[in-house]
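Structural description and commentary
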Amino acid sequence: MTDLNIGLIGYKFMGKVHSYAIKMAPFFFDIKINPVQKVICGRTEHLVKQAAESFGWDEYMTDWREVIKRDDIDIISIASPTLVHRDIAVEAAKAGKHIFCEKPQAMNASEAKEMLEVAEDAGIVHMLGHNYRRVPALAQAKKMIDEGKLGEIYHFRAVYLQDWIMDPEFPAIWKLKKDIAGSGPHGDLNAHIIDLARFLVGDISTVVGMDKTFIKERPKPGTGEKLKTMLTADGQNSEHLEEVDVEDMMAFLARFKDGAVGTFEATRFAGGRKNHERIEINGSKGTLVFNFEKMNELYYWSNQEDLETQGFKKILVTEECHPYIEAYWPPGHLIGYQNTFVNEFADFFKYIDEGTKAEPNFYDGWKVNQVLDAVMKSTESKSWENVESF
Ligand code: SOE
C-alpha cells in the first residue's frame, strides 16, 4: 500500500473535520492508499501546535508556501478562508499535488476558472468539499431521480437557515468580511444548495436575487465585551465598531437549463434554526423532501401508488443497499455530520488511487461560483442575469 502524505492548511472547524475524515476514511472504507497526516498549517503557532497534537498530525508549520515546497507532500487539503483558496490551489497544482478544497471554491468565478485550468494542466486530482452530496439520503435522492422516479422535474426548492450571528454583539469575524469571505451566507450556505441543485437537477441558466444586511455595524473581533462597558451616552462607540459589508440573507429565483424552476434562500437570521438545510423537489411523478436536521431520512411521495394509500413515506436511509451505509453500522444505527466528510475523503482517496476525475471537482466549483456571481450582480442590476456570462 502506498503512503500518501497530506498537508492540511487550516485548523479550525473545517481543519478539525478534515483531520477527522482523513483519519477515519481508511477505518470505514477499503482504501488502497495509506493517507498520512503529515503536516498541519496555520498562522498562529501556539494554536496550530495544539491542533497538531489534538488531531494527530506528525508536524505543524505556519507558512502554507513552505508546506507546498516540500517534496514529501503529495496532497494539499485546503480548509482556510476563501480569500486564499486560489493562491494555495494554484501553487499546489503547479507543484503537482492533488488537492481537496473547501467551498466556496473561490472569491469569484474568474478565480475559480483559473484554479480549474491550472489543475487540469497539471493533471492532478482536484476535488471540492461539497460534503452534502455525500449524505446517504441525498445520494439516494440522486439515484431515484436518475432512475426516473420523479419524472420530469418542475421545482427545486431549497432553504439553508442558521441563526448564529443574530446577537448584535456578535463580532465582525472573517465570515462577515467581503474581502476575505467574498460574501455572507450566499457563498457560505447558498453555495451548498446550488451545488445540490446542480447535482440533483442540472445546470442553472438565469437568476434574480434579493439580499439584506440587518445589522450594519458590529464590534471588532475581540472588542465585544469592552464595547458593552464603553458605550457613550448615545449608545455609539464607533472606535470599536466596524461596518458589515456582506449580506445577512440572500434569496433568489432560478431557471434551470432543462426547464425546471428553483427558489433558494440562505440566512443567518432564522431564529431557532441552527443548520436547517431543507430541500424539496417536485416532479411529474413524485416528490422528494430532505432536511439535514433529520439527515438519515428521505421523504418520498409517488403518484404511481394507489390513491387510497398514497402519501409521503419516510425512507430511513440506513440499509446496506443505501449509498455509503455498508461501511458503517447495522440498519437504524444512525450516522452524523462528520460521516459526510469521511465519505467524501474516502471517495477522494479512491479517485487518486484510480486516477479518475473527482466529483465534484473544480469545474463544478466554477459553475457554483458563476451562479453566486450572477445572483450578486442581479441584486445590483435589479434584473435577471445569465449565469454563463460570469
Ligand atoms: C457555517 O456556519 C457553516 O459551518 C458552513 O461554513 C458550512 O459549510 C455548513 O455546512 C455549515 O455551516
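Residues numbered from 1 in each chain as written. Predicted model: local features only at pLDDT ≥ 70, side-chain atom pairs only at ≥ 80, totals over all residues. Heavy atoms only, no water.

1. Describing the overall build of the chain
Per the secondary structure count, the chain includes 11 helices and 17 strands. Based on the C-alpha atoms only, the size of the chain along its principal axes is roughly 65 × 60 × 40 Å. A burial count over the chain gives 57% of its 390 residues as buried. Sequence-distant contacts in the chain: of pairs separated by 6 or more residues, those separated by 24 or more amount to 71%. (Helix = DSSP H or I, 4+ residues; strand = E, 2+ residues; numbered from the N terminus. Buried < 20%, exposed > 50% of the residue type's maximum accessible area, 1.4 Å probe, protein only. Contact = heavy atoms within 4.5 Å.)

2. Some details on the nonpolar core
Counting residues in each nonpolar core, the largest one holds 85 residues, and the members touching the most others are F156, F264 and F349. Summarising the domain contributions, this core has at least three residues from each of domain 1 (2-132) and domain 2 (135-359 + 368-381). Core analysis: the second largest hydrophobic core is formed by 28 residues, C101, A106, L116 and F362 among them. (Core = buried A, V, L, I, M, F, W, Y, C linked by side-chain atoms within 4.5 Å. Domains from an automatic or database assignment.)

3. Describing the domain arrangement of the chain
Under the domain assignment, the chain is made up of domain 1 (2-132) and domain 2 (135-359 + 368-381). One C-alpha centre belongs to domain 1, the other to domain 2, and the line joining them spans 23 Å. Each partner contributes residues to the interface: domain 1 has 44 residues there, and domain 2 has 46 residues. Per-residue buried area on domain 1 facing domain 2 is highest for F29, N131 and Y132; these three make up 23% of the total on that side. At the surface where domain 1 touches domain 2, the tally comes to 2 salt bridges. Note that K103 is salt-bridged to D188, the shortest N-O span being 3.0 Å. (Buried area = accessible area lost by both parts, 1.4 Å probe. Salt bridge = Lys/Arg side-chain N within 4 Å of Asp/Glu carboxyl O.)

4. Focus: the site of the ligand
Contacts to the ligand come from F13, K103, Y132, Y160, Q162, W164, K175, D188, H192, N275 and Y337. A distance of 3.2 Å separates an oxygen atom of the ligand from a polar atom in the side chain of Y160. In this structure, Q162 approaches the ligand through a side-chain N or O atom, which is 2.8 Å from an oxygen atom. When the ligand is considered free in solution it has 310 Å² of accessible area, and contact with the protein chains removes 89% of it. Classifying every residue of the shell around the ligand by side-chain character gives 5 nonpolar, 3 polar and 3 charged. (Near = heavy atom within 4 Å. Polar contact = N/O pair within 3.5 Å; in protein donor to acceptor, adjacent residues only side chain to side chain. Areas by Shrake-Rupley, 256 points an atom, 1.4 Å probe, with all protein chains shown as cover. Nonpolar A, V, L, I, M, F, W, Y, C, P; charged D, E, K, R; others polar.)

5. A few points about the sheet that holds strand 2 (residues 33-41)
Spatially, the 6 strands line up as an open sheet ordered 3-2-1-4-5-6, and their pairing is parallel. Looking at strand neighbours, the two that pair on one side only are strand 3 (59-61) and strand 6 (126-129), the edges of this open sheet. For this sheet the average axis-to-axis angle between neighbouring strands, irrespective of direction, equals 25 degrees. Both strand 1 (residues 2-9) and strand 4 (residues 75-78) contribute to a ladder of 4 bridges, which runs parallel. Opposite L8, over in strand 4, you have S77 as the bridge partner. Sheet strands touched by helix 10 (residues 337-354): strand 1, strand 2, strand 4, strand 5 (98-102) and strand 6. Its angle to strand 5, the strand with the most contacts, is close to 155 degrees. (Pairing = 2+ DSSP bridges. Axes fitted to C-alpha atoms, helices over the stretch in contact; angles between N-to-C directions.)

6. Quick notes on the environment of T287
Positionally, T287 belongs in strand 14 (residues 286-291). On the accessibility criterion, T287 (7% relative accessible area) is buried. Considered as a pair, T287 and F27 are 260 residues apart in the sequence and their alpha carbons are 36 Å apart. Not counting residues within four places of it along the chain, the set of residues in contact with T287 comprises L150, E280, I281, N282, Y299, Y300, W301 and F312. Within the structure, T287 has its side chain in polar contact with the side chain of N282 (distance 3.1 Å).

7. Topic: the packing of helix 4 (residues 85-94) against helix 5 (residues 109-122)
Their axes nearest at 9 Å, the elements helix 4 and helix 5 cross at an angle of 10 degrees. As the angle between them shows, helix 4 and helix 5 are arranged roughly parallel. Contact residues: H85, R86, A89, V90, A93 and K94 in helix 4; E111, E114, M115, V118, A119 and A122 in helix 5. Considered class by class, the residues forming the contact of helix 4 with helix 5 number 7 nonpolar, 1 polar and 4 charged. (Parallel < 35°, antiparallel > 145°, perpendicular 65-115°, else oblique.)

8. A closer look at the pattern of salt bridges
Within this structure, the stated rule accounts for 30 salt bridges. The shortest N-O distance in the salt bridge between E117 and K113 comes to 3.3 Å. Of this pair, E117 and K113 are both found in helix 5, 4 residues apart, which corresponds to roughly one turn of the helix. Assessed through its relative accessible area of 41%, E117 is described here as partly exposed. Connected via shared salt-bridge partners are R133, D195, R198, D203 and D364.

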